[in-house]
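Observations on the three-dimensional arrangement
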Amino acid sequence: PDSTGVPLIQLPANADFGNLEREASRFIAERRRQIQFFGQEVGRQLMELAIAGEPLAALATDLATLAKRVVALEGRDGRLLAFQSPGTEPADLQQAQDILSATREQVASWLRTVAMTSLAEPPTSSFPVDGGWIRVVAPISGREGPLGNASLLVPAGTESFEDHLLVSRGAAACAVLLSREQAAA
């Protein structure tokens, strides 16, 4: 980075800018294809669980395995419906609940603004937490309104586009399960 903190790339004097542009465009297009394929596969896998009527705990387990992140699924009242750790920290439920509590008000405020957006591809947002964590959240919504939210707990500095994609796909699958439970009640 330069003195203002802007990253700079120094190229050799004989660099072919046309070739550089083509290679960069090719790399970006390939990365987009990989992410799109990954998102479709994850969405398919999680939706199959939901359609098969598997419990929320099973969906949380698969999501935690795919994301390699801690998963917390909360109801619209903030009650923890499912929790799963892939073996990374925070491994214990109390630490995860502390992280969820630290961002509860911010998340609730954001959820009110996005509650009835796309049911198939819910939006996501990140909320940093003291102690080196980031909570990546997506609303779980049904036709009648908010049903809850899905969160990934991510160590600070490791948040990725894939985290947002995974929690969005997970929230969409959770919506199928929670809507079915709501209809049966």
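Structure shown above.
Below, the structure is looked at part by part. Predicted model, so just to flag it, every value in this text is computed and none were measured.

**Re a nonpolar patch on the surface**
A contiguous nonpolar patch, built from Ile9, Leu11, Phe17 and Leu20 and spanning about 440 Å² of accessible area, is present on the exposed surface. Along the polypeptide, Leu20 turns up in helix α1 (residues 17–51). Residue Leu20 is classed as partly exposed on the basis of its relative accessible area, which comes to 41%.

**With respect to the sheet that holds strand β1 (residues 70–75)**
An order of β2-β1-β5-β4-β3 is seen for the five strands of this open sheet, with the pairing classed as antiparallel. Looking at strand neighbours, the two that pair on one side only are β2 (80–84) and β3 (125–129), the edges of this open sheet. For this sheet, the mean angle separating the axes of adjacent strands, direction not counted, is 20°. In the sheet, β1 pairs with strand β5 (residues 145–155) via six bridges, with the strands oriented antiparallel. Along β5, the bridge assignment pairs Ala72 with Ser151.

**Structural notes on helix α3 (residues 93–114)**
In this model, α3 (22 residues) spans only 27 Å end to end at C-alpha, well below the 32 Å of a helix rising 1.5 Å per residue. Bending of α3 peaks at approximately 55° at the position of Arg104. For α3, the set of buried residues is Ala96, Ile99, Leu100, Thr103, Val107, Trp110, Leu111 and Val114. Packing partners of the buried residues in α3 comprise β1, β2, β3, β4 (133–142) and β5.

About the cut-offs
- Residues numbered from 1 in each chain as written.
- Predicted model: local features only at pLDDT ≥ 70, side-chain atom pairs only at ≥ 80, totals over all residues.
- Heavy atoms only, no water.
- Patch = residues over 30% accessible without salt bridge, like charges linked within 9 Å, V, L, I, M, F, W, Y side chains within 5 Å.
- Areas by Shrake-Rupley, 256 points an atom, 1.4 Å probe, with all protein chains shown as cover.
- Salt bridge = Lys/Arg side-chain N within 4 Å of Asp/Glu carboxyl O.
- Helix = DSSP H or I, 4+ residues; strand = E, 2+ residues; numbered from the N terminus.
- Buried < 20%, exposed > 50% of the residue type's maximum accessible area, 1.4 Å probe, protein only.
- Pairing = 2+ DSSP bridges.
- Axes fitted to C-alpha atoms, helices over the stretch in contact; angles between N-to-C directions.
- Expected span 1.5 Å × (residues − 1).
- Bend = angle between axes of the 7 residues up to and from the residue.
- Contact = heavy atoms within 4.5 Å.

From the geometry alone we can't say anything about function, so treat these as descriptive.
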